[in-house]
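# What the coordinates show
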Amino acid sequence: MAREDQNLVLKGIAASEGIVAGPAFVMTSARLPIPKRILDPGLIPAEVERLRKALREAVHELEDVKKEFQGAVTREVFSIIDTHSMLIQDESLWSEVERKIQDGQINVEWAIRKTIDEWLKVFASIRDDYLRERSQEVELVAQRVLDKLIGHKDKDLRQIDQPVIIVAHDLRPEQTAQMFFSKVLGFSTDIGSATSHTAIVARSLEIPAVVGLKNITHLVEDGDLIILDGIEGNVIVNPDDQLCRKYFDRRAEWESINKLLQEYSTPPSRTKDGFQVQLSANLEILDEIHFLSKYGAEGVGLYRTEYLYLNRDRLPNEEEHFENYRKLAEVVEPYQATIRTFDLGGDKFISEPKAAAEMNPALGLRAIRFCLRHPDIFKTQIRGILRASAFGKIRMMFPLISDLEEVLEAKKIMREAMDELDREGVKFDPAIPVGIMVEVPSAVLMADKLAEQVDFFSIGTNDLIQYVLAIDRVNEYVSYLYQPLHPAVLWMIKRTVDAGHQAGIQVAMCGEMAGDIYLLPILVGLGLDQLSMPARLIPRVRKVLRGFQAGELKPVAEELLKFSTAEKIKTRLQELAKKEWAEAYRMEPEKNPEPSGGFLCQKSDQS
Ligand code: PEP
Ligand code: MG
C-alpha cells in the first residue's frame, strides 16, 4: 500500500473485543482462479472419481483436525468442524456437482465452482441473517475440496513466529483455533457477521477480531502496519503517529476499565438503598458457560436453544437435548437457568421438517406456533429439559406467546411429557417453574390473565419493539424507527411489570435493552426483578446499579412516562445522567496505565 494511504479507516463488524496493533499478514484469497476444461466422454468416470477421492480426503482432514485440537480448544470449534464434515457428506450438494461433470462434460473444479455459485445465489435470497451467513460455511467447505483437487495447502498459523494481525478473505475453523496457539494478535476478514463461525470462535477464544470488511485483502499488503479495533469494528491501515497514540490510549483505557470492572464481577447486584436486581446471562451456545463465573452472572435468564437445531440434517434427539441442558444445570448452581424452548420456524430450518416459505416470516409460523404445530418435535425438547431439571435449578420458558390458549396447550404437552417420564421412572423436577416471553403486544395487554398461568415473565424487547412499532428488526431501512425509548414501548414494559407483580410473579427482561447502562435507571424505576444480558456486560451494569438509589428512580420512571416522544425521554435521561448520576456512571481509567503486549505501533513514542 502506498504511503499516501495513511490513516485509511476500514469499517467492519466488531466480532470479538480488544484493540491490537501490528504488521499485517495477508493470506491468499480463498477464490483461486479455476480453469474450465471440456473433457472427452471417456474421461468422465475418472473425473467423477477425482471428486470422490477429494471428498474422502477432505473428510479425513477434518477428522485429523478434530483429533489434533481435542480438549485444547472450546467445543464451539468442534461443532463448526462437525458442520463442515456434514456438508462434505451432503449428497445433495455433491451429486449436483457430479451431474454437472457428466452433463456438461466439464472438469470437476469448474463443476464445483458453478454449483457453489448457484447455492450462494439461493442463500443470498434468504431473509434470516443467521441462515444467510451459513453460505460462508458452504463456500469454505467447497474451497477445502478444491484445495485437495489442485494440491493447494493452507499455512498453519501456529508456524507464525512474529506477532502479526491476520488479514484474510475468510478463515477455516481450525485456522481460528490455530491462532489461539500462535503469536497472532488478532484477525480481520473480508466476509462474515457477528454470528458467523469465525466471530463465534473468536469470542469463545477471546481473540480480537473485525469481520465483514468487504475487501480488506485487496487494500492491505503484507507488512502494512494496522490497528484492529474489535470494540468499534474498525481497522486502521498505516496509521500516523497521532492515530497510533490515540489508539494506544484507547486500548490502555479499555484495559484499565476492564480491570476496574473486575471488582464488579461478583454479586451482590443492588442499589445503594438495597434494591436487589438479579443480573443474569443470555447464552447463545453452551460453550459460553465459562463466562458465568468470569463475569459473576446470577444465573442464566435466557438460554437460546436454536443452535441445537441449525446446521444439521436431522433434528436433535432427546438425549442430545438432555446432555446439553444437564451440563448447564450443573454449572449454574446455586442459581437458576432459564431454558427457552426453540424459537425457530419458517425458513430457519435446514433439517426436516422444512416449512413453506412465508411472505412475512416474522409474523408467521415461528417459535411456539411452530412447536404447537409439531408437538412431537416440541415434546422431545421438553422431555430433555425436564430430565435436566433433576440435576440443577431449571426453568422452562415459551417464546412468542400471543394468546392464553397457546400457554395452556404448551403446558398440556409439558404435563403429558411429565406423565410419560413418571411412568418410565425417570427423575425430573415436578415443580419446574414455567414462564413465558412477553414480546407480542397482545401478551402485554393480556398480561394479567397470562400471569395466572405461569411462574414468571421475561420481556423480550428485541421482538416487542419490532411488533409494537411495526419495524422489521433486521431491516436496515427502518432501523432509525427502532426506538427502545419510544413511550409506547415503555408503557408496554410498565404494564407487564405491574401485571406480573400484581399476580406475585417475577418479571425479567432479556432483550438487548436489559444490558444498556443508559436505560438502567428507567428499568430499575419500573421495578424489573431480573435483567438478563450477554455475560460480559454484567460487571458494567452492576457497577452503575450500585451507584443508584432505587427510591429515587421510581418517580423518574413516572416522569419519563409522561413524555410524548423518545427524543424527549432520551434528552431527559442524558440530563439526569450528567447531573444526578455522574458518580454512578463514572468509570475512570487509571492515570498512567501499564501498557501490556499486543500493541506494536512502532512509529509512536509510547514511553
Ligand atoms: C427478544 O426478542 O428480546 C429476545 C430476547 O429473543 P430473541 O432476540 O432471541 O428473539
Ligand atoms: Mg424474541
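Look above for the structure.
Below, the structure is looked at part by part. All values reported here derive from a predicted model rather than from experimental measurement. (Residues numbered from 1 in each chain as written. Chains lettered and ligands numbered in written order. Predicted model: local features only at pLDDT ≥ 70, side-chain atom pairs only at ≥ 80, totals over all residues. Heavy atoms only, no water.)

## Re the nonpolar core
Leu-386, Phe-457, Ile-493, Leu-531 and Trp-581 are the most contacted members of the largest nonpolar core, which has 107 residues in total. A total of 7 residues in this core trace back to one element, the largest contributor, which is helix 15 (residues 404-424). Excluding anything up to four places from it in sequence, Leu-386 contacts Met-396, Met-414, Ala-417, Met-418, Leu-421, Lys-427, Phe-428, Asp-429 and Ile-432. With 54 residues, the next largest nonpolar core counts Met-27, Val-48, Phe-69 and Ile-101 among its residues. (Core = buried A, V, L, I, M, F, W, Y, C linked by side-chain atoms within 4.5 Å. Buried < 20%, exposed > 50% of the residue type's maximum accessible area, 1.4 Å probe, protein only. Helix = DSSP H or I, 4+ residues; strand = E, 2+ residues; numbered from the N terminus. Contact = heavy atoms within 4.5 Å.)

## Here's the deal with the packing of aromatic side chains
Counting across every chain of the model gives 10 aromatic pairs. A ring pair is formed by Tyr-309 and Phe-342, whose centres lie 4.3 Å apart and whose planes are at 45°; its orientation type is tilted. A residue pair is termed long-range when its members are at least 10 positions apart, and Tyr-309 in the loop between strand 10 (300-304) and helix 12 (318-332) and Phe-342 in the loop between strand 11 (337-340) and helix 13 (367-373) qualify at 33 residues. Across the pair, Phe-342 and Tyr-309 agree in class, each one buried. With a centroid separation of 4.9 Å and an interplanar angle of 15°, the aromatic rings of Tyr-518 and Tyr-585 are classed as stacked. Here Tyr-585 lies in helix 24 (residues 582-585) and Tyr-518 lies in the loop between strand 15 (506-509) and helix 20 (520-526), a separation of 67 residues in the sequence. Exposure remark for Tyr-518: the relative accessible area of 48% places this residue in the partly exposed category. (Phe/Tyr/Trp six-rings, centres within 6.5 Å; stacked < 30°, edge-to-face > 60°.)

## Quick word on helix 8 (residues 197-205)
Structurally, the α-helix is built with 3.6 residues per turn, so residues lying three or four positions apart point the same way. Burial analysis of helix 8 places 8 of its 9 residues in the buried class, the great majority of the element. Within the sequence span of helix 8, burial applies to His-197, Thr-198, Ala-199, Ile-200, Val-201, Ala-202, Ser-204 and Leu-205. In the stretch just after helix 8, Glu-206 is the one whose phi turns positive, near 55°.

## Quick notes on the coordination of the magnesium ion (ligand 2)
For the magnesium ion (ligand 2), the full set of protein donor atoms is Glu-439 (OE) and Asp-463 (OD), at a range of 2.1 to 2.2 Å. Separated by 24 residues along the polypeptide, Glu-439 in the loop between strand 13 (434-438) and helix 16 (441-445) and Asp-463 in helix 18 (residues 461-469) bring together distant segments of the chain. This pair shows no difference in class: Glu-439 is buried, exactly as Asp-463 is. (Donors = N, O, S within 2.8 Å, 3.2 Å for Na, K, Ca; no water.)

## Concerning the side chain of Arg-144
Turning to its location among the elements, Arg-144 is positioned in helix 6 (residues 135-150). Within polar-contact distance, the side chain of Arg-144 engages the side chain of Glu-174 at 2.9 Å. (Polar contact = N/O pair within 3.5 Å; in protein donor to acceptor, adjacent residues only side chain to side chain.)

## Quick notes on the site of ligand 1
Looking at ligand 1, there are 13 residues lining it, with Arg-304, Arg-340, Gly-460, Asn-462 and Arg-473 nearest. Between ligand 1 and the protein, one listed contact pairs an oxygen atom with a side-chain N or O atom of Arg-340 at 2.9 Å. Contact distances for ligand 1 include 3.0 Å between an oxygen atom and a backbone N or O atom of Thr-461. When the free accessible area of ligand 1 is taken as 290 Å², the share hidden by the protein chains comes to 94%. Mapped onto the shell around ligand 1, the elements with two or more residues apiece are strand 10 and helix 18. When residues in the shell around ligand 1 are grouped by element, the largest group, 3 residues, is from helix 18. Grouping the constituent residues of the shell around ligand 1 by class yields 3 nonpolar, 4 polar and 6 charged. (Near = heavy atom within 4 Å. Areas by Shrake-Rupley, 256 points an atom, 1.4 Å probe, with all protein chains shown as cover. Nonpolar A, V, L, I, M, F, W, Y, C, P; charged D, E, K, R; others polar.)

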